[in-house]
Amino acid sequence: MPQAVHVLTFPIDHVIARQHGGETHAENLAMSCVRCNSCKGPNIAGIDPRSRSLTRLFNPRIDHWAEHFALRDATILGLTSVGRTTVIVLQLNHPDSVALRLSLIAEGVFTH
Ligand SMILES: [Zn+2]
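Predicted model, so just to flag it, every value in this text is computed and none were measured.

Definitions and limits used
Residues numbered from 1 in each chain as written. Predicted model: local features only at pLDDT ≥ 70, side-chain atom pairs only at ≥ 80, totals over all residues. Heavy atoms only, no water. Helix = DSSP H or I, 4+ residues; strand = E, 2+ residues; numbered from the N terminus. Rg over C-alpha atoms; globule rule 2.2 N^0.38 Å. Buried < 20%, exposed > 50% of the residue type's maximum accessible area, 1.4 Å probe, protein only. Contact = heavy atoms within 4.5 Å. Areas by Shrake-Rupley, 256 points an atom, 1.4 Å probe, with all protein chains shown as cover. Lys, Arg positive; Asp, Glu negative; His and termini not counted. Charge placed at Lys NZ, Arg CZ, Asp CG, Glu CD.

### A word on the overall build of the protein
- The helix and strand inventory of the protein stands at four helices and six strands.
- Element order for the protein, N to C, with α for helix and β for strand: β-β-α-β-β-α-β-β-α-α.
- Computed over C-alpha atoms, the radius of gyration of the protein comes to 14 Å, within 12% of the 13 Å expected from 2.2 N^0.38 for 112 residues, which places it in the range of a compact globule.
- In terms of overall dimensions, the protein has C-alpha extents of about 40 × 35 × 20 Å along its principal axes.
- In the protein, which comprises 112 residues, the share counted as buried stands at 35%.
- Within the protein, counting contacts between residues at least 6 apart in sequence, those at least 24 apart form 43% of the total.
- Of the accessible surface of the protein, which amounts to about 6,900 Å², a share of 57% is contributed by carbon and sulfur atoms.
- When the 10 positive and 9 negative side-chain charges of the protein are each reduced to one mean point, those points stand 6 Å apart.

Read these as spatial facts, not as claims about activity.
This is the structure we're talking about:
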């Protein structure tokens, strides 16, 4: 999601939260939209809705988006346990997010 379409500046936060020993250096910091960041909180894992297994979240520093997710219309599909878990924990398909994605796709701003 491009920051330019958001009213609020994306915060810089820890990928691995300080609560879990994450350090404050560039390799562990990322910009994220306020909605995703508030859903992620200190979480680094969740429950895969298919297997019901504890599963780590997608890490953009080591994972490839296309391996774990696909876009159908404006809905993000989790292709793997990591993808499904991340979609759930970050609420990537919240109705407001899907509506925003639909608008951005129509405007040609959001691509995949
Ligand atoms: Zn987001």
